[in-house]
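# Examining the three-dimensional arrangement
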Amino acid sequence: IIMSAVRSSSLERLFWETRFSLDKEKEIAIALENMHKSYSQLELSLDSLPFKQPIHVVLILGESTTTHYMHGYGYPLPTTPRLDSLESQGEVIRFSDVVSPAASTILSNTRSLTYYTMEDGGRPWYEYPTLIGVMRKAGFYTAWTTAQDAVGLHSMVAMFGGSADTLLGIPGTIPGQIAEYYGEDLPPRIDGQLLNLLLTMKDIPQGRGPRGLFEVLHLMGCHEMYRERYPESFARFTPKDLPQQLGGEKDQYIADYLNAVAYNDYVVSSIIEHYKGEPVLLFYFSDHGEVIYNDPKNPDLKGRSSQRVGVSVPFYIYMSPQLRELHPEIWVRMQDAQALPYETDLFTHTLTGLLGIKTKYSQPRYELFNPSYDANRLRMIWDYSGRSLPLSN
């Protein structure tokens, strides 16, 4: 909240922050009401299904992870050794030109996880069906597992995860768990704790999910504070390791971020390793990027930016060996698309199109793996000025 000098007293700050919170709660209530309405009215068809048998679809939803500090995307230090190895072995596909529609979690995810696209302009995102809702209605058992807070104005659980069939969280994230620590310090939280909560097809309740399991794993990723995102054993990079030193506190921030990226590499690759024995189709991308003193136009900026440097995000796909053997043509189709320009506001369109789910919102030109995909589509980014602007360098 930006306060004027007139609103500087403690009581006035409390009043305006409370009013802001209440307004936001009203917005969330309106959004949830509309989301329930769109779900109840949603009609879909399942035509020409590419996967005849039940499959496990996993979305690893990252946080604040930029391609600019990932070795796999050209950074000189070895920050992504495990993903690089999987790529060299042909186990994952790395997409080279992907951006998020905004540089904030809410603005980005409300587009990536619904049928809303940037072409829809100022219309409310919650008038469009959510990915969780579509997958449930299509016959998937749905789960949301989080390493982020499940309560609060910016919680993706409040927006999306709460509508899944199963909600899980690492210690101290979901309300029931938080109550267990009343009056005590919450335990440290790192993404590696998610590895103890991963579901498998065997976890689908009997009689549910005839098409399989759809699971969202929401990471803390590389969110500030960077030093809190990894255990001490991953403190591998120090300021002296940097290829270009800026001096003082800046170098330490960059080193902390590099360690967070390295730990994120470990977590994502470990999830992939966990699922190699299941019929798994797995996607990983970050909600948005992060700028850590690497914006040429703003060399002192650390944080969020709607310039390309702030919205360039990693995007990887994994298909387990058994699924690749059953559907080699799908793997080839995805490989053929890895260099195409893409924006993650199209992810719901892309995934549902790939799975053969058709709704009135379906448009082949929005589906990355469809022959009709529009690779010349103008990518628009939601700017902090409140406008949607063309992607700039």
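## Examining the overall build of the protein chain
- Check the secondary structure of the protein chain and you find eleven helices and 15 strands.
- Sorting the 393 residues of the protein chain into buried and exposed places 52% on the buried side.
- Across the protein chain, the fraction of contacts at a sequence separation of at least 24, relative to all contacts at a separation of at least 6, is 74%.
- Approximately 17200 Å² of the protein chain is accessible, and the part contributed by carbon and sulfur atoms is 53%.

## Remarks on the packing of aromatic side chains
- Evaluation of the coordinates by the stated rule reveals 21 aromatic pairs.
- Their ring planes at 90° and their centres at 5.4 Å tell us that Y116 and Y128 sit as a pair that is edge-to-face. Pair noted here: Y116 is in the loop between α3 (105-112) and α4 (131-137) and Y128 is in the loop between α3 and α4, with a separation of twelve residues, a long-range link. The burial state of Y116 is the same as that of Y128; both residues are buried.
- Look at F315 and Y342: their rings are 5.6 Å apart centre to centre, the planes differ by 70°, and that puts the pair in the edge-to-face class. With a gap of 27 residues between them, F315 in strand β11 (residues 315-319) and Y342 in strand β12 (residues 342-343) connect regions that are remote in the sequence. The pair formed by F315 and Y342 is uniform in burial state, with each residue classed as buried.
- Taken together, F95, F283, F285, F315, Y342, F347, F369 and Y373 form an aromatic cluster joined through their ring pairs.
- Positioned over the ring face of W382 is R111, at 5.3 Å from the centre of the ring.

## Notes on the confidence of the model for the protein chain
- Predicted confidence across the protein chain gives a mean pLDDT of 89, with 89% of residues reaching 70 or more.
- Contacts of residues 1-22 to residues separated by more than four positions or lying in other chains number 13 contacts, the stretch itself having pLDDT below 50.

## A closer look at the sheet that holds strand β3 (residues 92-94)
- With respect to topology, seven strands assemble into an open sheet ordered β3-β11-β8-β2-β7-β5-β6, the strand pairing being mixed. Strands with a single pairing partner mark the edges of an open sheet, and in this sheet they are β3 and β6 (166-169). The sheet shows a mean angle of 15° between the axes of neighbouring strands, direction not considered.
- Pairing between β3 and β11: three bridges, direction antiparallel. Bridge pairing in β11 links V92 to Y318.

## What to know about helix α7 (residues 248-274)
- Between the first and last C-alpha of α7 there are 40 Å, a value that for 27 residues agrees with the 39 Å anticipated at 1.5 Å per step.
- Burial runs high along α7: 20 of the 27 residues are buried.

## Looking at the nonpolar core
- In this structure, W144, F214, L281, F283, M334 and L355 are the most contacted members of the largest nonpolar core, which totals 56 residues.
- With sequence-adjacent residues up to four places away left out, F283 is seen in contact with V57, V58, L59, I60, F315, Y316, I317, F347, L351, L354 and F369.
- Counting 43 residues, the second-largest nonpolar core is a separate cluster that includes L258, A262, I271 and Y293.

## A word on helix α10 (residues 328-336)
- When we look at burial in α10, the residues that qualify are I330, W331 and M334. The arc that holds every buried residue of α10, seen down its axis, measures 100°, which confines them to one face.
- Turning to α10, the residues buried within the fold contact β3, β8 (280-286), β11, α9 (321-326) and α11 (347-354).

## Observations regarding the pairing of β11
- Most of β11 is tucked away, with five of its five residues classed as buried.
- Burial of the side chains of β11 extends over both faces: F315, I317 and M319 are buried on one face and Y316 and Y318 on the other.
- The pairing of β8 with β11 spans five bridges and is classified as antiparallel. The residue bridging L282 from the neighbouring strand is Y318, located in β11.

## Overview of the pattern of salt bridges
- One pass over the full model with this rule turns up 16 salt bridges.
- One salt bridge in this structure joins E91 and R324, with 3.2 Å as the shortest N-O distance. Linking E91 in the loop between α2 (81-88) and β3 with R324 in helix α9, this pair joins segments that are 233 residues apart in sequence. R324 carries the same exposure label as E91, and that label is buried.
- One salt bridge in this structure joins D165 and R136, with 3.3 Å as the shortest N-O distance. Remark: R136 occurs in helix α4 and D165 occurs in the loop between α5 (156-159) and β6; sequence separation between them is 29 residues.
- By relative accessible area, which is 24% here, D165 ends up partly exposed.
- Through salt bridges with shared partners, a single ionic network connects E119, E343, D345 and R377.

## Focus: unusual backbone geometry
- Between E224 and the following residue, M225, the backbone shows a cis peptide bond with an omega angle of -5°.
- Tracing the sequence through the fold places M225 in the loop between β7 (212-218) and α7.
- One non-glycine residue, S64, lies in positive phi territory at about 55°.
- By secondary structure assignment, the location of S64 is in the loop between β2 (55-62) and α2.
- Relative accessible area serves as the criterion here: at 0%, S64 is assigned to the buried category.
- Backbone geometry places Y293, a non-glycine residue, at a positive phi of 60°.
- Along the chain, the position of Y293 falls in the loop between β9 (291-292) and β10 (302-303).
- The class for Y293 is buried, based on a relative accessible area of 12%.

Cut-off values and rules
- Residues numbered from 1 in each chain as written.
- Predicted model: local features only at pLDDT ≥ 70, side-chain atom pairs only at ≥ 80, totals over all residues.
- Heavy atoms only, no water.
- Helix = DSSP H or I, 4+ residues; strand = E, 2+ residues; numbered from the N terminus.
- Buried < 20%, exposed > 50% of the residue type's maximum accessible area, 1.4 Å probe, protein only.
- Contact = heavy atoms within 4.5 Å.
- Areas by Shrake-Rupley, 256 points an atom, 1.4 Å probe, with all protein chains shown as cover.
- Phe/Tyr/Trp six-rings, centres within 6.5 Å; stacked < 30°, edge-to-face > 60°.
- Lys NZ or Arg CZ within 6 Å of the ring centre and 35° of its normal.
- pLDDT = per-residue confidence, 0-100.
- Pairing = 2+ DSSP bridges.
- Axes fitted to C-alpha atoms, helices over the stretch in contact; angles between N-to-C directions.
- Expected span 1.5 Å × (residues − 1).
- Core = buried A, V, L, I, M, F, W, Y, C linked by side-chain atoms within 4.5 Å.
- Arc of directions from axis to C-beta.
- Salt bridge = Lys/Arg side-chain N within 4 Å of Asp/Glu carboxyl O.

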